[in-house]
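Commentary on secondary and tertiary structure
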Amino acid sequence: MSDMPFSRAALDFVAECEAQLGPRFARIDAIEYENQARVLCALQRQRLGQRHFAPTTGYGYDDIGRDALDAAFAYALYCEDALVRPQLTSGTHAIFTALSGLLAPGDAMLAITGAPYDTLKDAIGITGDEFGSLKAQGVRYMQTELVDGEIDLPAVLSALNAAQNIKLVYAQRSRGYAWRNAISLESLGKAFAEIRSAAPDAIIVVDNCYGEFTRTTEPSCVGADVIVGSLIKNPGGGLAPTGGYIAGKHEAIERIAQRVTVPGMGREVGSYAGGYQPFFQGLFLAPHTTAQSLRTAILFAKAFERLGMVSMPSSMDERYDIVQALRFKSEKPLIEFCKSIQKAAPVDSNVTPEPWDMPGYSDKVIMAAGAFVQGASIELSADAPIRAPYTAYIQGGLTYAHGRLGVMYALDALERAGEIRL
Ligand SMILES: *Cc1c(COP(=O)(O)O)cnc(C)c1O
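Here is a short report on the structure shown in this document.

Right, let's talk about the environment of Phe280 for a bit. Following the sequence through the fold, Phe280 ends up in helix α9 (residues 277-306). Residues Phe280 and Ala382, 102 residues apart in the sequence, show an inter-C-alpha distance of 27 Å. Leaving out residues up to four positions away in the same chain, Phe280 has contacts with Leu43, Leu48, His52, Phe53, Gly65, Ala68 and Leu69.

Set out below in structure tokens:
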């Protein structure tokens, strides 16, 4: 392979890993097929046509592209309703918007999967006293920890009994920057059923980032009232240029719509001069893109396991998100690894990522994201907070072939640095 001068040993090594993954890949392909059928149906039900792709401007009254996109997402994610907006600037923004739409001063929220994703700590007001945080607006916050990576149901139920006014129960499906697996839909379902009977009026919200289309169902199928995610992850299919979605029960979505724009205007306004075509096409591609990312993650896991390193999940585990955690001995190979993923990128492959203080994160973070869409982690990307235990989180891969090249780059870099021997 003239363009990619990898060593014979590295090429053989990856081919051998791959040869053992046939049954795993077949399982991923079966999930993709089922999800593709549902997404296809979601678009066909809208009678999607060129008219939905026209740019809109100003207030965006009667924006049929926006409305059809909401409905298509709702169907694809097994929800009654959805808000899908380029104006939601990130997953964090979408989650914060959903929470603030559902919570009033004096209400409490209970997080049942331990500390939420780093960037939400400021937004909720857990760590600081950021102006405008939920806490600053009078919302109380409580959390229960995971035990062995699972929801601690007795602790959740006693928190629900002890505290007054828990209006919202919050679960994070994916691992974030924690050494744990994604919570399975089965575990979420079991917890939600018990929460529902203990606190019938509490609204259950799931941070669904990285989870969409990794299974044939979504948390909405197991009792979640509202699910939220980022369009520059799975459900944007790699094409959505920005944005987030909030999907769920109609009544909850209507309330949140008042926060997405303005009370009284809600979902009636919001235009997009760029047009919604890439969001529709991205949704159409999302089952495939997600499957390509899952295959990439499994190959990374397999290669690192064969080198005697620890991966989570393992190459054999069932997957409920696209993230692959890999543990390194020290800071040096961790950084080396992230740099190699940057080198493997189609964009900015010539720049070298360095650990830096990112807004919203407590430790320095190194991010390899040579992506067409800035920061898009459905594209092959790796990030790592610089703290022990030295763990890199790798995710994405628009095509498996590119993901496979990423594995080659990583092995090559680690071998050159004397960290591994193939
Ligand atoms: C990515 C992510 C978020 C939100 O991140 P943004 O960078 O704001 O889009 C929230 N929770 C989890 C688990 C995530 O992976």
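Mapped onto the fold, Asp63 is located in the loop between α2 (22-45) and α3 (64-76). Residue classification places Asp63 among the buried residues on the basis of a relative accessible area of 1%. Considered as a pair, Asp63 and Arg295 are 232 residues apart in the sequence and their alpha carbons are 37 Å apart. When near neighbours in sequence (up to four residues on either side) are disregarded, Asp63 contacts Thr56, Gly270, Ser271, Tyr272 and Tyr276. Within the structure, Asp63 has its side chain in polar contact with the backbone nitrogen of Arg66 (distance 3.0 Å).

So, on to the pattern of salt bridges. Scanning the entire structure with this criterion turns up 21 salt bridges. A salt bridge links Arg215 to Glu318; the shortest N-O distance between them is 2.8 Å. Residue Arg215 is located in the loop between β7 (203-207) and β8 (226-230), and its partner Glu318 is located in the loop between β10 (310-312) and β11 (324-327); the two are separated by 103 residues in the primary sequence. For Arg215, a relative accessible area of 10% translates into the label buried. Bridged by salt links that share partners, the residues Asp70, Asp81, Arg85, Glu254 and Arg267 form one connected network.

It is worth spelling out the packing of aromatic side chains at this point. Counted under the stated rule, the structure contains 15 aromatic pairs. Each ring, one from Phe6 and one from Tyr409, has its centre 5.5 Å from the other, and the planes form 80 degrees; the classification is edge-to-face. Here Tyr409 lies in helix α11 (residues 400-416) and Phe6 lies in the segment before α1 (8-19), a separation of 403 residues in the sequence. For Phe6, a relative accessible area of 11% corresponds to the buried category. Given a relative accessible area of 22%, Tyr409 falls into the partly exposed group. Centre to centre, the rings of Phe300 and Phe337 are 6.0 Å apart; their planes meet at 80 degrees, and the pair counts as edge-to-face. Taken together, the residues span a long stretch of sequence, with Phe300 in helix α9 and Phe337 in helix α10 (residues 331-343) at a distance of 37 residues. Phe337 carries the same exposure label as Phe300, and that label is buried. Pairwise contacts between aromatic rings join Phe300, Phe304, Phe328 and Phe337 into one cluster. In this structure, Arg295 packs its charged tip against the face of Tyr400, placed 5.4 Å from the ring centre.

Below, the discussion takes up the packing of α1 against α11. Here α1 crosses α11 at 130 degrees, and the two axes come no closer than 10 Å. The orientation of α1 with respect to α11, classified from their angle, is oblique. You can see that α1 and α11 cross each other, and the crossing is right-handed. Contact residues: α1 offers Ala10, Leu11, Phe13, Val14, Ala15 and Glu18, while α11 offers Tyr400, Arg404, Val407, Met408 and Leu411. Looking at the contact of α1 with α11 residue by residue, the class counts come to nine nonpolar, no polar and two charged.

A word on the sheet that holds strand β1 (residues 81-85). The strands that make up a sheet pair up through hydrogen bonds in the backbone, lying either parallel or antiparallel. With respect to topology, seven strands assemble into an open sheet ordered β1-β9-β8-β7-β6-β2-β3, the strand pairing being mixed. If you trace the sheet from one side to the other, it starts and ends with β1 and β3 (140-143), each paired once. On average, each strand axis in the sheet is tilted by 20 degrees relative to the strand beside it, whichever way the strands run. Here four bridges tie strand β2 (residues 108-111) to β3, and the two strands are oriented parallel to one another.

What follows is about the site of the ligand. Taken together, Ser90, Gly91, Thr92, Ile95, Tyr117, Gln172, Asp207, Cys209, Tyr210, Ser230 and Lys233 make up the full set of residues near the ligand. Here Thr92 contributes a side-chain N or O atom positioned 2.5 Å from an oxygen atom of the ligand. At 2.9 Å, a side-chain N or O of Lys233 approaches an oxygen atom of the ligand. Protein contacts shield 90% of the accessible area of the ligand, which totals 380 Å² for the unbound molecule. For the shell around the ligand, the element with the most residues is helix α4 (residues 91-102), which contributes three residues. Of the residues in the shell around the ligand, the class split is four nonpolar, five polar and two charged.

Bringing unusual backbone geometry into the picture now. The step from Met312 to Pro313 runs through a cis peptide bond, and the omega angle for that step is -5 degrees. Mapped onto the elements of the fold, Pro313 is located in the loop between β10 and β11. Cis geometry marks the peptide bond from Ala388 to Pro389; its omega dihedral reads -5 degrees. In this structure, Pro389 sits in the loop between β13 (381-385) and β14 (391-395). At Arg47, a residue that is not glycine, the phi angle is positive and equals roughly 50 degrees. Located in the positive-phi region is Asp148, a residue other than glycine, with phi close to 50 degrees. Inspection of the secondary structure assignment puts Asp148 in the loop between β4 (146-147) and β5 (150-151). Its relative accessible area of 77% is what places Asp148 among the exposed residues.

Reading the values: the criteria
Residues numbered from 1 in each chain as written. Predicted model: local features only at pLDDT ≥ 70, side-chain atom pairs only at ≥ 80, totals over all residues. Heavy atoms only, no water. Helix = DSSP H or I, 4+ residues; strand = E, 2+ residues; numbered from the N terminus. Contact = heavy atoms within 4.5 Å. Buried < 20%, exposed > 50% of the residue type's maximum accessible area, 1.4 Å probe, protein only. Polar contact = N/O pair within 3.5 Å; in protein donor to acceptor, adjacent residues only side chain to side chain. Salt bridge = Lys/Arg side-chain N within 4 Å of Asp/Glu carboxyl O. Phe/Tyr/Trp six-rings, centres within 6.5 Å; stacked < 30°, edge-to-face > 60°. Lys NZ or Arg CZ within 6 Å of the ring centre and 35° of its normal. Axes fitted to C-alpha atoms, helices over the stretch in contact; angles between N-to-C directions. Parallel < 35°, antiparallel > 145°, perpendicular 65-115°, else oblique. Left-handed = near helix turned anticlockwise from the far one by under 90°. Nonpolar A, V, L, I, M, F, W, Y, C, P; charged D, E, K, R; others polar. Pairing = 2+ DSSP bridges. Near = heavy atom within 4 Å. Areas by Shrake-Rupley, 256 points an atom, 1.4 Å probe, with all protein chains shown as cover.

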